[in-house]
Amino acid sequence: MFKHLRFDIFKLRLINTTNERRLVQGHEIPLRAKGHIEDVSSELDNGVKGCTSWKKCPKFYCSHCQVIYSQFGLAIHQNDHQERRRFVEWAQNEIAVVPDFHKRILFSDEAHFWLNGYVNKQNCRIWSEANPQVYVETPLHPEKLTVWCALWAGGIIGPYFLKNDEGHNVTVNGDRYRAMITNFFIPELNNHDVQELWFQQDGATCHTARATIDLLKDTFGDRLISRFGPVNWPPRSCDLTPLDYFMWGYVKSLVHADKPQTLDHLEDNIHPVIADIRPQMLEKVIEN
């Protein structure tokens, strides 16, 4: 994964945002991926505003279309590219010493699974010459499960379903997250060959309280990739974790096949789908 990242690719992915901005401004000829890296590299130095997260650059854009609709956009802040650059540089240095380093990272995250199958897409765009007048109806308070998993090239730890003492489904907070680490995650580590594994988590507030970071350091020492950790995880970088760019979408595409009517039924569907994800698939995902 990280071993395939290069700074020229970093710059290429910014072209996507530059194209969108030029199209909206009425320019007829968007930037192409080849031959325009230097045009975009100046944005790296000056800061990029209004960017979305990394995406593969399409070969071309329709010169008459523009972004009409954007929902739940994940905006990259002005200095985020420098954090991402530092992280990629650090990862590449580690891979130069340990070639399979990227396979030794336990990526972790939570996701919501809605009973009605609703997917909260972070990037949803419609390309059109005219406003398509599209509306997406969603229930105000849909029933959902909050699920945590950790994934690395050798397997998956989880799923873990966030519940309160009465067994009701709840969302994550700092206390529940630490309880999960203490009562579920760390005991599960003993069932896996996890020597020299690194642990990654994003910068969500529930992950980064001092008590949580100290708890994780007790297990992983300096092998912790997190906001406020020994190695900083760059903010707004869900495109770098295989849970976001692969697993959650893959699982959600399968668990509603029989249209579960209760949260218990949905939970029963999630277990076998995740259990059926083989290490061979995970290794290919990590290499992507």
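Residues numbered from 1 in each chain as written. Predicted model: local features only at pLDDT ≥ 70, side-chain atom pairs only at ≥ 80, totals over all residues. Heavy atoms only, no water.

Quick notes on the confidence of the model for the protein
Argument step 1. Looking at the protein as a whole, its pLDDT mean stands at 75, while 67% of the residues score no less than 70.
Argument step 2. Within the model, pLDDT remains below 50 along residues 3-73, and this stretch shows 143 contacts once partners closer than five positions in the same chain are excluded. (pLDDT = per-residue confidence, 0-100. Contact = heavy atoms within 4.5 Å.)

Considering the sheet that holds strand β2 (residues 105-114)
Argument step 1. Taken in spatial order, the 5 strands make up an open sheet running β5-β4-β2-β6-β7, and their pairing is mixed. Edge positions in the sheet fall to β5 (155-161) and β7 (224-225), since each of these pairs with one other strand and no more.
Argument step 2. Sheet topology places strand β6 (residues 198-200) next to β7; 2 bridges connect them, and they run parallel. Among the inter-strand pairings, Phe199 is bridged to a residue of β7, identified as Leu224.
Argument step 3. Where helix α6 (residues 242-255) meets the sheet, its contacts fall on β2, β4 (144-152) and β5, and the angle it forms with β2 comes to roughly 40°.
Argument step 4. Strand contacts of helix α7 (residues 263-275): β2, β4 and β5, with the helix running at about 170° to β5, the strand carrying the most contacts. (Pairing = 2+ DSSP bridges. Helix = DSSP H or I, 4+ residues; strand = E, 2+ residues; numbered from the N terminus. Axes fitted to C-alpha atoms, helices over the stretch in contact; angles between N-to-C directions.)

Considering the environment of Glu143
Argument step 1. In this fold, Glu143 is placed in the loop between β3 (124-128) and β4.
Argument step 2. When the C-alpha positions of Glu143 and Trp114 are compared, they lie 5.8 Å apart, and in sequence the two are 29 residues distant.
Argument step 3. Residue contacts for Glu143: discarding those within four places in its chain leaves Phe113, Trp114, Leu115 and Leu263.

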